[in-house]
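Geometric and topological summary
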Amino acid sequence: MDANSLKIITALKAARIALNWTQQTLAAKCGVSQVSIARMESGIVSPRLSNVSKIRAALLEAGVRIVDESPEGGFTLIVDGKVFRVETPAAAE
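What counts and how
- Residues numbered from 1 in each chain as written.
- Predicted model: local features only at pLDDT ≥ 70, side-chain atom pairs only at ≥ 80, totals over all residues.
- Heavy atoms only, no water.
- Helix = DSSP H or I, 4+ residues; strand = E, 2+ residues; numbered from the N terminus.
- Buried < 20%, exposed > 50% of the residue type's maximum accessible area, 1.4 Å probe, protein only.
- Contact = heavy atoms within 4.5 Å.
- Areas by Shrake-Rupley, 256 points an atom, 1.4 Å probe, with all protein chains shown as cover.
- Pairing = 2+ DSSP bridges.
- 1 Å grid on protein atoms, 1.4 Å probe; cavity = no way out; pocket = protein on both sides within 12 Å on 5 of 7 lines; lining within 4 Å.
- Points joined across faces, edges and corners; volume = space filled by probe spheres on them.
- Nonpolar A, V, L, I, M, F, W, Y, C, P; charged D, E, K, R; others polar.
- Expected span 1.5 Å × (residues − 1).
- Polar contact = N/O pair within 3.5 Å; in protein donor to acceptor, adjacent residues only side chain to side chain.

**Let's talk about the overall build of the chain**
When its secondary structure is counted, the chain shows four helices and two strands. Counting from the amino terminus, the chain carries its helices and strands in the arrangement α-α-α-α-β-β. Across the 93 residues of the chain, 30% fall into the buried class. Taking as baseline every contact in the chain between residues at least 6 positions apart, the subset at least 24 positions apart corresponds to 50%. When the accessible surface of the chain is summed, it comes to about 6,100 Å², and 53% of that surface belongs to carbon and sulfur atoms.

In structure tokens form, the structure reads like this:
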């Protein structure tokens, strides 16, 4: 697998983990099979552009943006604060 594919896979997996999503959750959100995600994340197959596009769209909708080449040669995850918001139960009356 080439370095660019590896970087893409690493960024997508990091974003999935930042959201605390399982591969199954990501699959349901983006319409890519869990098996395809698992094979991609394990490096068995190179990422298909159509699948990467669907996964990035689901991550963006959830509040995670991947900035490529920031820093040079890498990537940065920008996570919306709502992703980490903790719901507290309503106070008992």
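Anyway, onward from the coordinates.
**Some details on the pairing of strand β2 (residues 75-79)**
Where strand β1 (residues 64-68) lies against β2, five bridges are found, and the strand directions are antiparallel. Each residue of the ladder has a partner; that of V64, found in β2, is V79. Between β1 and β2, which pair antiparallel in sequence order, lie six residues; one of them, E69, sits at a positive phi of approximately 65°.

**As for the layout of surface pockets**
Roughly 150 Å³ of volume is contained in the largest pocket. Looking at the largest pocket, the residues that line it are N4, K7, I8, A11, L12, V52, R56, I66 and D68. Residue assignment for the lining of the largest pocket shows that the elements contributing at least two residues are α1 (3-18), α4 (49-62) and β1. Counting residues per element, the lining of the largest pocket draws most heavily on α1, at five residues. Along the lines of polarity and charge, the residues of the lining of the largest pocket split into five nonpolar, one polar and three charged.

**What about unusual backbone geometry?**
Positive phi values are uncommon outside glycine, yet N20 reaches one of about 60°. Position of N20 among the secondary structure elements: in the loop between α1 and α2 (23-30). Judged by relative accessible area, N20 falls into the exposed class, the value being 70%.

**A word on α1**
Counting along an α-helix, one turn takes 3.6 residues, and residues three or four places apart therefore face a common direction. Between its first and last C-alpha, α1 extends 22 Å over 16 residues, near the 22 Å set by a 1.5 Å rise per residue. Those residues of α1 not exposed but buried are S5, K7, I9, A11, L12, A15 and R16. The opening residue of α1, the one whose side-chain oxygen lies 3.0 Å from the backbone nitrogen of N4, is D2. The first or second residue beyond α1 is N20, which carries a positive phi of 60°.

**So, the environment of V67**
Along the polypeptide, V67 turns up in strand β1. Through-space distance from the C-alpha of V67 to that of I78 is 7.4 Å; in sequence the pair is eleven residues apart. Here V67 is in contact with G74, F75, T76 and I78, once residues within four sequence places are set aside.

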